[in-house]
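Each chain is listed here by its residues.
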There are 2 protein chains.
Amino acid sequence: MDFDLATGVAILERTPSAMRAMLAGLPPAWTDATEGPDTWSPYIIVGHLIHGERTDWIPRAQRVLDQGPDRRFAPYDRFAQFRESQGKSLADLLDEFGRLRAANLTTLAGWGLTDVELAFEGEHPEFGRVTLRQLLATWVVHDLGHLAQTARVMAKQYREAIGPWRAYLPIVDR
Amino acid sequence: MDFDLATGVAILERTPSAMRAMLAGLPPAWTDATEGPDTWSPYIIVGHLIHGERTDWIPRAQRVLDQGPDRRFAPYDRFAQFRESQGKSLADLLDEFGRLRAANLTTLAGWGLTDVELAFEGEHPEFGRVTLRQLLATWVVHDLGHLAQTARVMAKQYREAIGPWRAYLPIVDR
């Protein structure tokens with residue numbers, strides 16, 4: 001379906017509470033679990049979402065809206081959360097993500113974006129020209145991807161425990 | 001990791017609120033969306049989880065615990081929700097799932113299962129002998145699989161809308 005602001009925001013505003021409902025209060029056996037070396041735990045994923053709120057979606061959208069001479073996005077640091085989450089509990093991170101997301105959605109609503117502005121372009125460091133509409137749709141899909149990843153990482157911890165049911169539950173082998 | 005009751009229940013008790021946080025109040029553009037013919041929408045998935053609460057996990061566990069002469073599980077109807085959800089809103093279904101899950105977890109806790117009982121066996125119609133421990137671990141993974149599926153189904157609706165970012169977001173092509 002086409003991106004429209006109200007429909008997209010309906011997902012964006014739910015992600016912090018969805019992450020909280022899945023993760024808050026879970027034992028570290030779940031929240032620190034990974035899919036193997038160099039893969040992310042639910043704890044790491046929440047830190048990554050926080051970094052995106054600070055440096056990716058709204059700052060990039062702002063750069064597109066400015067329509068200045070340099071429309072090139074700053075590269076995104078996919079590993080920032082390994083530094084930035086240090087010393088913080090998962091509960092802290094869930095709170096921080098919720099606060100930042102709410103503030104960013106307030107900013108977005110304040111812009112009152114029109115179809116004309118949604119068609120404005122920025123420059124992605126790898127893809128080249130992209131529209132504001134594509135950037136905002138990507139924010140939504142990025143949320144949903146990390147929600148799915150969070151469930152999958154946890155599911156894999158029981159890959160052996162489910163015995164023969166593994167044949168019916170492809171998520172543990174994905 | 002090995003299945004243990006407290007760790008597994010920590011997931012089971014969160015699934016209804018995670019589904020609610022993701023889905024409650026979303027427009028039908030998201031909740032009735034599918035991945036194509038003969039695939040399930042979030043609405044259908046919640047109905048499937050309800051049917052599992054009524055006929056699968058706890059009834060099968062009860063059959064194992066009884067250790068009667070017939071330990072064979074009734075086959076599971078993967079399509080029951082197409083009948084049983086008729087006329088119900090998604091809000092109804094989310095409430096129903098939450099109520100049934102809470103009641104089932106009360107039943108489970110009331111059993112006070114020991115390691116000896118968790119090793120009791122039932123007979124799966126296809127796999128043959130399975131343990132109660134495997135059945136309960138499968139309940140957990142089944143929840144997480146459908147949470148991931150719910151996020152994935154919605155993500156795919158923006159497959160085209162994200163433009164070139166599709167290369168970075170494999171969830172829309174999974």
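Quick caveat, the model's predicted, so the values are computed rather than measured.

Engineer: I'd like a description of the overall build of chain A, backed by residues and values.
Structural biologist: A tally of regular secondary structure across chain A gives 9 helices and 2 strands. Secondary structure elements in chain A, listed N-terminal to C-terminal, are α-α-α-α-α-α-α-α-β-β-α. The principal-axis extents of the C-alpha atoms in chain A amount to approximately 55 × 35 × 30 Å. Counting every position in chain A, which comprises 174 residues, the buried fraction comes to 53%. Carbon and sulfur atoms make up 52% of the accessible area of chain A, which totals about 7,400 Å². When the 19 basic and 23 acidic side-chain charges of chain A are each reduced to a single mean position, those positions are 2 Å apart.

Engineer: How would you sum up the side chain of K156(B)? Please name residues and give values.
Structural biologist: Residues and elements named next belong to chain B. As for its position among the elements, K156 is in helix α9 (residues 132-156). Judged by its relative accessible area of 12%, K156 is buried. If we skip the residues at most four places from it in the chain, K156 touches E35, I171, V172 and R174.

Engineer: Explain the confidence of the model for chain A to me, using residue names and the numbers behind them.
Structural biologist: Per-residue confidence for chain A averages 96 on the pLDDT scale, and 100% of its residues sit at or above 70. If you check the scores for this complex, the pTM reads 0.97 and the ipTM reads 0.97.

Engineer: Go over the packing of helix α1 (residues 5-12) of chain A against helix α9 (residues 132-156) of chain A with me, naming the residues and quoting the values.
Structural biologist: Residues and elements named next belong to chain A. Here α1 crosses α9 at 30 degrees, and the two axes come no closer than 9 Å. With respect to their mutual orientation, α1 and α9 come out roughly parallel. The handedness of the crossing between α1 and α9 is left-handed. Note on element contacts: α9 touches α1 through L136, W139, V140, D143 and L144, opposite L5, G8, I11 and L12. The class makeup of the residues in the contact of α1 with α9 is 7 nonpolar, 1 polar and 1 charged.

Engineer: Describe in detail the environment of R20(A), supporting the description with residues and values.
Structural biologist: Residues and elements named next belong to chain A. Here R20 lies in helix α2 (residues 15-23). A C-alpha to C-alpha distance of 9.7 Å links R20 and F97, two positions 77 residues apart in sequence. Once residues lying within four places of it in the same chain are set aside, the contact partners of R20 are L94 and D95. In this structure the side chain of R20 is engaged in a polar contact, spanning 2.9 Å, whose partner is the side chain of D95.

Engineer: Mind laying out the pattern of salt bridges, listing which residues take part and the relevant values?
Structural biologist: Under the definition given, this model contains 35 salt bridges over all chains. The partner of E13(A) in a salt bridge is R14(A), and the shortest N-O contact between them spans 3.3 Å. When the shortest N-O distance is used, the salt bridge between E35(B) and R152(B) registers 2.7 Å. In this pair, E35(B) is assigned in the loop between α3 (28-31) and α4 (42-55) and R152(B) in helix α9, connecting sequence segments 117 residues apart. Residue class for R152(B) comes out buried when judged on its relative accessible area of 12%. Here the salt bridges do not stand alone but share partners, grouping R159(A), E160(A), R166(A) and D173(A) into one network.

Engineer: Describe the interface of chain B and chain A, listing the residues and the values that go with them.
Structural biologist: Each side of the interface is counted separately: chain B has 53 residues, and chain A has 54 residues. If you sort the residues of chain B by the area they bury against chain A, M1(B), Y158(B) and W165(B) come out on top, with a joint share of 18%. Scanning the region where chain B abuts chain A turns up 0 salt bridges. The tally of links from chain B across to chain A stands at 10 residue pairs in polar contact (both at pLDDT 80 or more). Secondary-structure elements contributing two or more residues to the side of chain B that touches chain A are α1 (5-12), α2 (15-23), α3 and α9 of chain B. The element contributing the most residues to the side of chain B that touches chain A is α9(B), with 15 residues. When the residues that make up the side of chain B that touches chain A are grouped by side-chain class, the tally is 35 nonpolar, 11 polar and 7 charged.

About the thresholds
- The numbering scheme is per chain: residues are counted from 1 as the chain's sequence reads.
- Note on labels: chains are lettered from A, ligands numbered from 1, in written order.
- Restriction of local features to residues with pLDDT of at least 70 applies here, the model being predicted, together with a cutoff of 80 or more for giving and counting side-chain atom pairs; totals for whole chains, interfaces and linings are based on all residues.
- Side-chain calculation: all heavy atoms of the structure are included, whereas hydrogens and water are not.
- Every helix listed is a DSSP run of H or I at least four residues long, and every strand listed is a run of E at least two residues long, numbered separately from the N terminus.
- Type-normalised accessible area, obtained with a 1.4 Å probe on protein chains alone, sets the label of each residue: buried when under 20%, exposed when over 50%, and partly exposed for intermediate values.
- Residue exposure ignores everything except the shown protein chains as possible cover, and the areas themselves are Shrake-Rupley values with a 1.4 Å probe.
- Charge counting treats Lys and Arg as positive and Asp and Glu as negative, with His and both chain ends excluded.
- Note on charges: their place is set at NZ of Lys, CZ of Arg, CG of Asp or CD of Glu.
- Any two residues whose heavy atoms approach within 4.5 Å at even a single point are treated as in contact.
- pLDDT is a residue-level measure of predictor confidence that goes from 0 to 100.
- Here the axes come from fitting lines to C-alpha atoms, over the contacting stretch only for helices, and the angles between their N-to-C directions go from 0 to 180 degrees.
- Roughly parallel means an angle under 35 degrees; roughly antiparallel, over 145; roughly perpendicular, 65 to 115; everything else is oblique.
- Crossing handedness follows the turn of the near helix against the far one: under a right angle anticlockwise gives a left-handed crossing, and clockwise gives a right-handed one.
- Any residue that is not Ala, Val, Leu, Ile, Met, Phe, Trp, Tyr, Cys, Pro, Asp, Glu, Lys or Arg is counted as polar, Gly included; the first ten are nonpolar and the last four charged.
- Any N or O atom pair separated by 3.5 Å or less is treated as a polar contact, with the protein-specific requirement of one donor-capable and one acceptor-capable atom, and with residues adjacent in sequence counted only for side-chain atom pairs.
- Any carboxyl oxygen of Asp or Glu within 4 Å of a side-chain nitrogen of Lys or Arg constitutes a salt bridge here.
- By convention, the term buried area covers the 1.4 Å-probe accessible surface removed from two parts as they join, with the contributions of both added.

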